[in-house]
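Below, each chain spelled out in residue letters.
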Amino acid sequence: MEYLEFEAPIKELQEQYNKACAIGVDSDVDVTQTCKQIEKKLASTKKEIYKNLTAWQRVQLSRHPNRPYTLDYIKAICGETFLELHGDRNVADDKAMVGGLGKIGEQSFMIIGQQKGYNTKTRQYRNFGMANPEGYRKALRLMKSAEKFDVPVVTFIDTPGAYPGLEAEERGQGEAIARNIIEMTRLKVPVIVVVIGEGASGGALGIGVGDKVMMLENSWYSVISPENCSSILWRSWDHKEQAAEALKLTATDAKKLKVIDSIIKEPLGGAHSNREEMFTTLKKVIIESHAELKNLSPKELVEKRMEKYSSMGVFKG
């Protein structure tokens, strides 16, 4: 188990608990009472820490190396039914953007999302979850196929941003994202969007327009990352905590600002602390969201979606 900086007290107590239990196993000393006391203290410390997380700590949790990624959710929720589809039929198959058909319960879905890597090799292979234009064009191709066959769409957002390289700009990164945004507003099938980790900038928006937009409790959604915001405003990364607070990027902030529809609760300690519980929760939420949307006509879906996004960002003096 890897611990973040602010989780140091939890790490310390966990180590004490493990040592005490090990003494009990290796000797005849009765350490039951000690173990219970440490366990109680550990539970209360966890509650105290995770109840009062700052915006920056939530950003750190969203990037936790053990946090489940898009393919983890897909495999857990869809099992063997998932069929990955490849390529944008134009340039290449972007490994940072995955998508395909899968069944959740008895319903087929077109599932699309950014995929990060688990180690150096896979991070390079997945381009750190930063999609090129062909990734967004692949996503759009799959969404249009879903529309053609009347299959609802689910997207998982987890990206530090769209790839900002020269070759991505040459192939029309901005146009690809803009095209996806306009096409998603008028898709004639239900679209469910879940921010499962990082939701940064246009990279997130390229697959982020939906009838139901939700965020996991410890994910973030913003126009820029705290580090980049800090480097622009203060010419250094040292003010990232301050930037995180100012950006209003947490799920609670996004809900207050009506950028998202709901927050999905995570297990205590984050999605990685109890993966099975997280997978079960997300599966249930997707099924419930689809049940709310499935009886709306294509015209109603588009109208409600357009109305929702048109009313965002209205300022009342």
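A few points on the structure. Everything quoted here is computed from the prediction, not taken from an experiment.

## Re the overall build of the chain
For step 1, the next point in the chain: Of the regular secondary structure elements, the chain holds 14 helices and eight strands.
For step 2, the next point in the chain: Relative to the globule expectation of 20 Å for 317 residues, the C-alpha radius of gyration of the chain, 21 Å, shows essentially globular dimensions.
For step 3, the next point in the chain: Over its C-alpha atoms, taken along the principal directions, the chain stretches across nearly 70 × 50 × 45 Å.
For step 4, the next point in the chain: In the chain, which comprises 317 residues, the proportion classed as buried is 49%.
For step 5, the next point in the chain: Taking the contacts inside the chain whose residues are at least 6 apart along the sequence as the reference set, 71% of them involve residues at least 24 apart.
For step 6, the next point in the chain: Positive and negative charge centroids in the chain, built from 45 and 43 side chains respectively, lie 4 Å apart.

## Description of the packing of aromatic side chains
For step 1, the next point in the chain: Evaluated as defined, the whole model comprises three aromatic pairs.
For step 2, the next point in the chain: Aromatic side chains Tyr69 and Tyr118 sit 5.3 Å apart centroid to centroid with 45° between the ring planes, which places their arrangement in the tilted category. Residue Tyr69 is located in the loop between helix 3 (55–62) and helix 4 (70–78), and its partner Tyr118 is located in the loop between strand 3 (107–114) and helix 5 (120–125); the two are separated by 49 residues in the primary sequence.
For step 3, the next point in the chain: Ring centres of Tyr73 and Phe279 lie 5.3 Å apart, and the angle between their planes is 85°; this geometry places the pair in the edge-to-face category.

## Quick word on the environment of Ile182
For step 1, the next point in the chain: Inspection of the secondary structure assignment puts Ile182 in helix 8 (residues 173–185).
For step 2, the next point in the chain: For Ile182, a relative accessible area of 39% translates into the label partly exposed.
For step 3, the next point in the chain: Ile182 sits 27 residues away from Val209 along the chain, and the two C-alpha atoms are 8.8 Å apart.

## Quick notes on the pairing of strand 4 (residues 153–159)
The two faces of a sheet get side chains in turn, since along a regular strand they alternate between them.
For step 1, the next point in the chain: In terms of burial, strand 4 is largely enclosed, as seven of its seven residues are buried.
For step 2, the next point in the chain: Sheet topology places strand 4 next to strand 5 (residues 191–200); six bridges connect them, and they run parallel. Of the residues in strand 5, the one forming a bridge with Thr159 is Gly199.

## Looking at unusual backbone geometry
For step 1, the next point in the chain: In this model, Arg235 sits at a positive phi of 60°, which is unusual for a non-glycine residue.
For step 2, the next point in the chain: Position of Arg235 among the secondary structure elements: in the loop between helix 10 (226–234) and helix 11 (240–247).
For step 3, the next point in the chain: A positive phi angle is found at Lys248, which is not glycine, with a value near 55°.
For step 4, the next point in the chain: Relative to the helices and strands, Lys248 is located in the loop between helix 11 and helix 12 (251–256).

## What about the pattern of salt bridges?
For step 1, the next point in the chain: Following the criterion strictly, the structure yields 18 salt bridges and no others.
For step 2, the next point in the chain: One salt bridge connects Glu147 with Lys144, and the closest N-O pair in it is separated by 3.2 Å. In this pair, Glu147 and Lys144 are both assigned in helix 6 (residues 133–148), three residues apart and thus about one turn of the helix distant.
For step 3, the next point in the chain: Overall, the relative accessible area of 34% leaves Lys144 in the partly exposed class.
For step 4, the next point in the chain: The shortest N-O distance in the salt bridge between Lys212 and Glu292 comes to 3.0 Å. Here Glu292 lies in helix 13 (residues 275–293) and Lys212 lies in strand 6 (residues 212–216), a separation of 80 residues in the sequence.
For step 5, the next point in the chain: Members of the salt-bridge network, linked through shared partners, are Arg63, Lys116, Asp158, Glu198 and Glu227.

## What to know about the nonpolar core
For step 1, the next point in the chain: Core analysis: the largest hydrophobic core is formed by 31 residues, its most contacted members being Ile112 and Val153.
For step 2, the next point in the chain: Of all the elements, helix 6 adds the most residues to this core, at five residues.
For step 3, the next point in the chain: Apart from residues lying up to four places away in sequence, Val153 is in contact with Met110, Ile112, Met143, Ala146, Val189, Pro190, Val191 and Ile192.
For step 4, the next point in the chain: Core analysis: the second largest hydrophobic core is formed by 26 residues, Ile74, Phe82, Ile192 and Ala271 among them.

## Examining the layout of surface pockets
For step 1, the next point in the chain: There is about 280 Å³ of room inside the largest pocket.
For step 2, the next point in the chain: What lines the largest pocket is a set of 16 residues, among which Leu205, Tyr221, Ser222, Val223 and Val259 lie closest to the centre.
For step 3, the next point in the chain: Counting residues per element, the lining of the largest pocket draws most heavily on helix 9 (residues 201–205), at three residues.
For step 4, the next point in the chain: When grouped by side-chain class, the residues that make up the lining of the largest pocket number 10 nonpolar, five polar and one charged.
For step 5, the next point in the chain: In this model, the second largest pocket occupies a volume close to 220 Å³.
For step 6, the next point in the chain: Contributing to the lining of the second largest pocket are Arg63, Pro160, Glu198, Ala200, Ser201, Trp220, Val223, Ile224, Ser225, Glu227, Asn228 and Trp237.
For step 7, the next point in the chain: Residue assignment for the lining of the second largest pocket shows that the elements contributing at least two residues are strand 5 and helix 10.
For step 8, the next point in the chain: Among the residues making up the lining of the second largest pocket, the classes are represented as six nonpolar, three polar and three charged.

## Quick look at helix 1 (residues 8–26)
For step 1, the next point in the chain: The first and last C-alpha atoms of helix 1 sit 27 Å apart over 19 residues, in line with the 27 Å expected at 1.5 Å per residue.
For step 2, the next point in the chain: Taken together, the buried positions of helix 1 are Ile10, Leu13 and Ala20. For helix 1, the angular spread of the buried residues around the axis is 95°, confining them to a single face. Exposed residues on helix 1 whose side chains face more than 90 degrees from its buried face are Lys19, Val25 and Asp26.
For step 3, the next point in the chain: On its buried side, helix 1 packs onto helix 2 (32–51).

Cut-offs used in this document
Residues numbered from 1 in each chain as written. Predicted model: local features only at pLDDT ≥ 70, side-chain atom pairs only at ≥ 80, totals over all residues. Heavy atoms only, no water. Helix = DSSP H or I, 4+ residues; strand = E, 2+ residues; numbered from the N terminus. Rg over C-alpha atoms; globule rule 2.2 N^0.38 Å. Buried < 20%, exposed > 50% of the residue type's maximum accessible area, 1.4 Å probe, protein only. Contact = heavy atoms within 4.5 Å. Lys, Arg positive; Asp, Glu negative; His and termini not counted. Charge placed at Lys NZ, Arg CZ, Asp CG, Glu CD. Phe/Tyr/Trp six-rings, centres within 6.5 Å; stacked < 30°, edge-to-face > 60°. Pairing = 2+ DSSP bridges. Salt bridge = Lys/Arg side-chain N within 4 Å of Asp/Glu carboxyl O. Core = buried A, V, L, I, M, F, W, Y, C linked by side-chain atoms within 4.5 Å. 1 Å grid on protein atoms, 1.4 Å probe; cavity = no way out; pocket = protein on both sides within 12 Å on 5 of 7 lines; lining within 4 Å. Points joined across faces, edges and corners; volume = space filled by probe spheres on them. Nonpolar A, V, L, I, M, F, W, Y, C, P; charged D, E, K, R; others polar. Expected span 1.5 Å × (residues − 1). Arc of directions from axis to C-beta.

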